[in-house]
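# Fold and geometry: a report
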Amino acid sequence: MKTTIPSNIGSYEARLKDFSWSIAEKELGYRPGDDINIAWYCTDRICKMGKASKTAFIWEGLGGAEKKYTFNDLRLASNTIASFFKGLGIRREQRVCLFMDRIPELYLGFLGVLKLGAVAQPLFSAFGDESLLVRLENAQTTAVMTTHKHVNKVRKIREKLPHLKHIIVVDDQGKKPLQAGEVAFSLEKAEPVEDFQAAATKAESPSVLHYTSGTTGQPKGVRHVHYSLISQYLTAKWVLDLRDDDMYWCTADPGWVTGTSYGIIGPWSLGVTQCVLDVGFSADAWYQFIEKHKITMWYSAPTAIRSLMKAGEEVVKKHDLSSLRHLASVGEPLNAEAVVWSQRVFGLPFHDSYWQTETGSIMITNLPGMKIKPGSMAKPFPGITATLLDLATFEPMNSTGKVGLIAVRPGWPAMLRGYWNNEEAYKKKFRNGWYLTGDRATIDQDGYFWFVGRDDDVINTAGHLVSPFEVESVLLEHPAVAESAVVSKPDEINMEVVKAFVTLKPGRQPSDDLQLEIMNFIRKKLSPLAMPQEIEFTPSLPKTRSGKIMRRVLKAKEWGQEIGDISTLEND
Ligand code: PRX
């Protein structure tokens, strides 16, 4: 360990004994029943605490472009955006989608939406129009805030979205014409709004809607509320160990939950400075960014760490990374080699943190000061009761070393409050009084959790969940495709990637040209993350006697694993 400064959490064991979420409530000056508006807490409150002129946000884009914002700038920008939305007639609880690259307007727009009391629906800017359509349709989104680079995708589907009233283009400099029903907004040109009364939202008022993929059906909108702040604030403080003088870098895009819970809400509710780099991955650029901004706390993901490992140590030596004092990781299994490597190369280990879009905040983690067992996610955050349930009975298991389902006792502040318009899917997430994560793990004799894998067919590629159903549905739209099955296959950097098996309609023959044609067809409809790396033509797919495609048989082959029970297989 490089640092001897005591961690924010202090003793884990002591915290476990007297833990209550009221610790966070008190620190935030919140009493049950009060108004609670995340955007107000991230901006106005920090200014009131005397940090108005402190740097809140340093943004860097292509070619070294840089923008800086103080907490007062965040306050004014969110006021101005909220007031602009209000002027358009957008009302509380309506969904406003943020569909942009990681430009400042994404972060400031997010705060503006929340300040107005509307619901922020961030969507990853690489989504194709089909991915966008299902999510905007499901949420009955009122407005989309986007840029010229992405507006065409919204234009293409606009007619199919009767609820979509406003398309706001934030980088319009009057150069490119907008179409009817579109409106330009420039933060730089807008008159800053000094006073804007943040919406008097309450603990259970809706705040953020993130879409996540399951095995069946379309993606689900995970409903979060303003009270989630309580969990996000305290976990950012204790797990990420954020302090007043930190320079924090969260590498996640706010299109995903890490980028909002810990790329906006956590650090800014603590009044901490954060830096954002909006350029593609390169080891040199990343180290350069750390060196230039003297990053102290770095929250990243296993795929990025594995890519850095691949880039080697010479490039590390070219940079002064001595500012780093704490590292954490999320989103996929953090392999033991990555922890050992970072300890050797940076002099610091990556601390694992496990959670989900649905949990809204970190559940199981290697808190600072806790012994690190490389490859283990370590222990539940204080206030989180996590256990393993028997795979068949859903009863808590007591034996160590046996694989079970990770389950959490409901009731932590950031827990999802439902899936948008999908009560049935929400109910399925609970059994015997436990929230089911859908992941499998083991627990060792010290109470450390070891991730085993998902309990469903969802593919986790580079930390992004891909629904096989979504990819299969798009494949089936191609006129030559009769049936499809999508599974994961191993990959050195992304841990797993998407592979599709396809049977063809009578009269169609497998060929390289057809493969290319299908790839091009689905590329326009899917996000790059969900794109299969490989399409394999096959005469038939393994099915149960009732006709259900058995993805696990295909998956087992890809991973060189035992196929398991195939007694229900039809065509063996
Ligand atoms: O399977 C687990 C994996 O990512 C899933 C959640 O994905 P998402 O909702 O997109 O949220 C990702 C960021 C919070 C989990 O169900 N996962 C997440 N963190 C870890 C992990 N798998 C292993 N180790 C982790 N630390």
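Definitions and cut-offs
Residues numbered from 1 in each chain as written. Predicted model: local features only at pLDDT ≥ 70, side-chain atom pairs only at ≥ 80, totals over all residues. Heavy atoms only, no water. Helix = DSSP H or I, 4+ residues; strand = E, 2+ residues; numbered from the N terminus. Contact = heavy atoms within 4.5 Å. Areas by Shrake-Rupley, 256 points an atom, 1.4 Å probe, with all protein chains shown as cover. Lys, Arg positive; Asp, Glu negative; His and termini not counted. Charge placed at Lys NZ, Arg CZ, Asp CG, Glu CD. Buried < 20%, exposed > 50% of the residue type's maximum accessible area, 1.4 Å probe, protein only. Pairing = 2+ DSSP bridges. Right-handed = clockwise from strand over helix to strand, strands pointing away. Near = heavy atom within 4 Å. Polar contact = N/O pair within 3.5 Å; in protein donor to acceptor, adjacent residues only side chain to side chain. Nonpolar A, V, L, I, M, F, W, Y, C, P; charged D, E, K, R; others polar. Salt bridge = Lys/Arg side-chain N within 4 Å of Asp/Glu carboxyl O. Axes fitted to C-alpha atoms, helices over the stretch in contact; angles between N-to-C directions. Domains from an automatic or database assignment. Buried area = accessible area lost by both parts, 1.4 Å probe.

Right, let's talk about the overall build of the protein for a bit. For the protein, the helix and strand inventory stands at 18 helices and 27 strands. Overall, the protein is about 70 × 65 × 50 Å in size when its C-alpha atoms are taken along their principal axes. Excluding contacts between residues fewer than 6 apart, the proportion of contacts in the protein whose partners are at least 24 apart in sequence is 68%. When the accessible surface of the protein is totalled, it reaches about 23,000 Å², and 51% of it is carbon and sulfur. The positive charge centre, built from 68 side chains, and the negative charge centre, built from 67, are 3 Å apart in the protein.

Strand β3 (residues 95-99) sits mainly inside the fold: five of its five residues count as buried. By the alternation rule, side chains of β3 split into Arg95, Cys97 and Phe99 and Val96 and Leu98, which are all buried. In this structure, β3 lies alongside strand β4 (residues 119-122), joined through four bridges in parallel fashion. Each bridged residue has a counterpart across the sheet, and for Val96 the counterpart in β4 is Ala120. Since β3 and β4 lie parallel, the crossover through helix α6 (residues 104-116) that links them has a hand, and here it is right-handed. Sheet topology places β3 next to strand β5 (residues 143-146); four bridges connect them, and they run parallel. When the sheet's bridge partners are listed, Val96 is paired in β5 with Ala143.

Another aspect to go through is unusual backbone geometry. A positive phi is found at Phe394, a non-glycine position, where the angle reads about 60°. By the secondary structure assignment, Phe394 is in the loop between β17 (386-389) and β18 (404-408). Positioned with a positive phi, Met495 is a non-glycine residue whose angle comes to about 70°. With respect to the element layout, Met495 can be found in strand β26 (residues 495-504). For Met495, a relative accessible area of 25% gives the class partly exposed.

Looking now at the environment of Glu313. With respect to the element layout, Glu313 can be found in the loop between α12 (302-311) and α13 (314-317). With a relative accessible area of 30%, Glu313 lands in the partly exposed category. Note: C-alpha distance between Glu313 and His150 (163 residues apart in sequence) is 37 Å. Those residues in contact with Glu313, other than ones at most four positions away along the chain, are Trp341, Arg344 and Val345.

The environment of the ligand is made up of 18 residues, and the closest members are Asp352, Ser353, Gln356, Thr357 and Asp439. Contacts to the ligand include Asp352, whose side-chain N or O atom sits 2.8 Å from a nitrogen atom. Bound to the protein, the ligand loses 96% of the 550 Å² it would expose on its own. Broken down by secondary-structure element, the contributors of at least two residues to the shell around the ligand are α10 (257-269), β14 (350-354) and β22 (449-454). Residue composition of the shell around the ligand, grouped by class: eight nonpolar, six polar and four charged.

You can see His166 is positioned in strand β6 (residues 166-169). Not counting residues up to four positions away in its chain, the partners in contact with His166 are Leu88, Ile90, Thr142, Ala143, Val144, Arg158 and Gly181.

Let's shift gears to the pattern of salt bridges. Counted under the stated rule, the structure contains 39 salt bridges. Here Lys292 makes a salt bridge to Glu66, at a shortest N to O gap of 3.1 Å. One end of the pair, Lys292, is in helix α11 (residues 283-293); the other, Glu66, is in strand β2 (residues 66-70), and 226 residues separate them in sequence. When the shortest N-O distance is used, the salt bridge between Arg75 and Glu194 registers 2.6 Å. In this pair, Arg75 is assigned in helix α5 (residues 71-88) and Glu194 in the loop between β7 (182-184) and β8 (206-212), connecting sequence segments 119 residues apart. Its relative accessible area of 44% is what places Glu194 among the partly exposed residues. Residues joined by salt bridges that share partners form a network here, namely Lys489, Lys499, Glu534, Glu536 and Glu558.

On to the sheet that holds strand β25 (residues 481-491), then. Spatial ordering of the open sheet is given by β25-β26-β27, a layout of three strands whose pairing is mixed. Looking at which strands have only one partner, the edges of the open sheet turn out to be β25 and β27 (534-537). Neighbour to neighbour, the strand axes of the sheet diverge by 25° on average, direction disregarded. Relative to β27, β26 is paired through four bridges, and the arrangement is parallel. Looking at β27, one finds that Phe501 is bridged to Glu536. Against the sheet, helix α16 (residues 468-476) contacts β25, β26 and β27, and its axis sits at roughly 140° relative to β25.

A few words now on the sheet that holds β2. Here nine strands make up an open sheet; going across it, the order is β2-β1-β11-β10-β12-β13-β14-β15-β16 and the pairing mixed. In the strand order of this sheet, the two ends are held by β2 and β16 (379-380), each with one partner. As paired strands, strand β13 (residues 326-330) and β14 are joined by four bridges and run parallel to one another. When the sheet's bridge partners are listed, Val330 is paired in β14 with Ser353.

Below, the discussion takes up the domain arrangement of the protein. Domain annotation for the protein reports domain 1 (69-226) and domain 2 (459-559). Just the C-alpha atoms count here: the centres of domain 1 and domain 2 sit 32 Å apart. Of the residues lining the interface, 17 residues belong to domain 1; the matching set on domain 2 comes to 14 residues. Buried surface at the junction of domain 1 and domain 2, both sides included, amounts to about 1,100 Å², of which 50% is carbon and sulfur. A per-residue breakdown of the area domain 1 buries against domain 2 is headed by Glu130, Ser213 and Thr215, which together make up 40% of the total.

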